[in-house]
Structures are given as C-alpha cells and as structure tokens.
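# Chains, contacts and geometry: an overview
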Amino acid sequence: MKDEKQAMDTNSSADNVDEYLQTLGNEDARELRYYSQEQPFSSDEMTRLVNEERLNELLAQSDAFLRGLNDGIKDFENDNKDP
C-alpha cells in the first residue's frame, strides 16, 4: 500500500507539471523541460548502442551521394560555361 501511494504521488507530480505546462500553452517551455532532462551517453554506452558496421555503411553511402552530387554540380557548371 505504501509503495502504491508513493508511486501514485510520483506519477501525480509529473502529471501536474505536464498539465501546468500544457495550460500555459507554451511549447517552448515544455521543450526546454524535456531536453533539460536528457542525459548524455558515456562512451561505453555509445559503444554498446551503436552498430558500427551499419554506421560505416551509412557513412559510405553518404560519401558516395555527396561525391555524385559534387560531380553533378561540376557538370552543371561546365555546361553553363560553354556557349
């Protein structure tokens, strides 16, 4: 019973804060509160969470995309220089 009341008190406090911020109608205040509660990841946590193989694949894809985009821009510039 005591644990149940304590859990209820914790929930009601969080609910009250959220309700208060909603009644203010101030999205910025809610966002600021939300982001201020973020905790940075330690390097050990990041190592566990990040799929290094997939990250490297994505980086390679983005590099290839940017190279293609850069080549396209150069081609476009060269086409515009020739009358």
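Please refer to the structure placed before this passage.
The text that follows walks through the structure, step by step, so that each part is easy to find.

What counts, and at which threshold
- Residues numbered from 1 in each chain as written.
- Predicted model: local features only at pLDDT ≥ 70, side-chain atom pairs only at ≥ 80, totals over all residues.
- Heavy atoms only, no water.
- Salt bridge = Lys/Arg side-chain N within 4 Å of Asp/Glu carboxyl O.
- Helix = DSSP H or I, 4+ residues; strand = E, 2+ residues; numbered from the N terminus.
- Buried < 20%, exposed > 50% of the residue type's maximum accessible area, 1.4 Å probe, protein only.
- Patch = residues over 30% accessible without salt bridge, like charges linked within 9 Å, V, L, I, M, F, W, Y side chains within 5 Å.
- Areas by Shrake-Rupley, 256 points an atom, 1.4 Å probe, with all protein chains shown as cover.

Bringing the pattern of salt bridges into the picture now. This model, assessed by the stated rule, comprises 1 salt bridge. Between E57 and R54 there is a salt bridge whose closest N-O contact spans 3.2 Å. One end of the pair, E57, and the other, R54, are both in helix α4 (residues 52–81), 3 residues apart, so they sit about a helical turn from each other. Taking relative accessible area as the criterion, R54 reaches 38% and is therefore assigned partly exposed.

Taken together, the side chains of F41, M46, L49, V50, L55 and L59 make up a nonpolar region of the molecular surface, amounting to roughly 540 Å² of accessible area. Where the nonpolar patch is concerned, the elements lending two or more residues are α3 (43–49) and α4. With a relative accessible area of 39%, L55 lands in the partly exposed category.

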